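Here is what each chain is made of, one letter per residue.
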Amino acid sequence: MVYRFWCGECGFKTPWLAESEGAQRQLNHYKKQHPGVLAGGHVETARRNSQGRRIGGFACLQVAVLLALLLIVVAAFRR
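Predicted model, so just to flag it, every value in this text is computed and none were measured.

> What is the right way to look at the state of the cysteines in this model?
Disulfides are covalent bonds that connect the sulfur atoms of two cysteines. The tally for this structure, following the rule as stated, stands at zero disulfides. Free of any disulfide, Cys 7 has its nearest neighbouring cysteine sulfur in Cys 10, separated by 3.7 Å. Residue classification places Cys 7 among the buried residues on the basis of a relative accessible area of 7%. The exposure class of Cys 10 is partly exposed, given its relative accessible area of 34%.

Following this line, the structure appears as structure tokens:
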């Protein structure tokens, strides 16, 4: 798994990194750019395949499309 940390105060985001390294970069960002503010924001996670490429974003889109199609089919048969 790889992680990308987003700042809750501005548009800063870390590159895809190991969890501990990403968290440390986010803390360093807060110390430098937002002193006195507790670190916030959110974290994205992604899997990597054997070649080291991120996977997951396209798979999520596929699942969302399939769910939407399923809802349409169910709605059509209810009428």
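> Quick question: what am I supposed to make of helix α1 (residues 19-33) here?
For an α-helix, 3.6 residues make a turn, and residues three or four places apart therefore share a direction. Between its first and last C-alpha, α1 extends 21 Å over 15 residues, near the 21 Å set by a 1.5 Å rise per residue. All buried positions along α1 are accounted for by Gly 22, Gln 26, His 29 and Tyr 30. For α1, the arc enclosing every buried residue in end-on projection is 95 degrees, short of the 170-degree limit, so these residues lie on one face. Set apart from the buried face of α1 by more than 90 degrees, the exposed residues are Ser 20, Lys 31 and Lys 32.

> Just to check I follow, could you spell out the pattern of salt bridges for this structure?
Working definition: two side chains of opposite charge can pair if their charged atoms are close together. Counted by the stated rule, this structure contains two salt bridges. The partner of Arg 4 in a salt bridge is Glu 44, and the shortest N-O contact between them spans 2.9 Å. Linking Arg 4 in strand β1 (residues 2-6) with Glu 44 in strand β2 (residues 42-48), this pair joins segments that are 40 residues apart in sequence. Across the pair Glu 21 and Arg 25 runs a salt bridge, and its minimum N-O distance is 3.1 Å. With Glu 21 and Arg 25 both in helix α1, this residue pair falls four residues apart, about one helical turn. On the basis of relative accessibility, which here comes to 37%, the residue Glu 21 falls in the partly exposed class. A relative accessible area of 37% places Arg 25 in the partly exposed class.

Parameters at a glance
- Residues numbered from 1 in each chain as written.
- Predicted model: local features only at pLDDT ≥ 70, side-chain atom pairs only at ≥ 80, totals over all residues.
- Heavy atoms only, no water.
- Disulfide = S-S within 2.5 Å.
- Buried < 20%, exposed > 50% of the residue type's maximum accessible area, 1.4 Å probe, protein only.
- Helix = DSSP H or I, 4+ residues; strand = E, 2+ residues; numbered from the N terminus.
- Expected span 1.5 Å × (residues − 1).
- Arc of directions from axis to C-beta.
- Salt bridge = Lys/Arg side-chain N within 4 Å of Asp/Glu carboxyl O.

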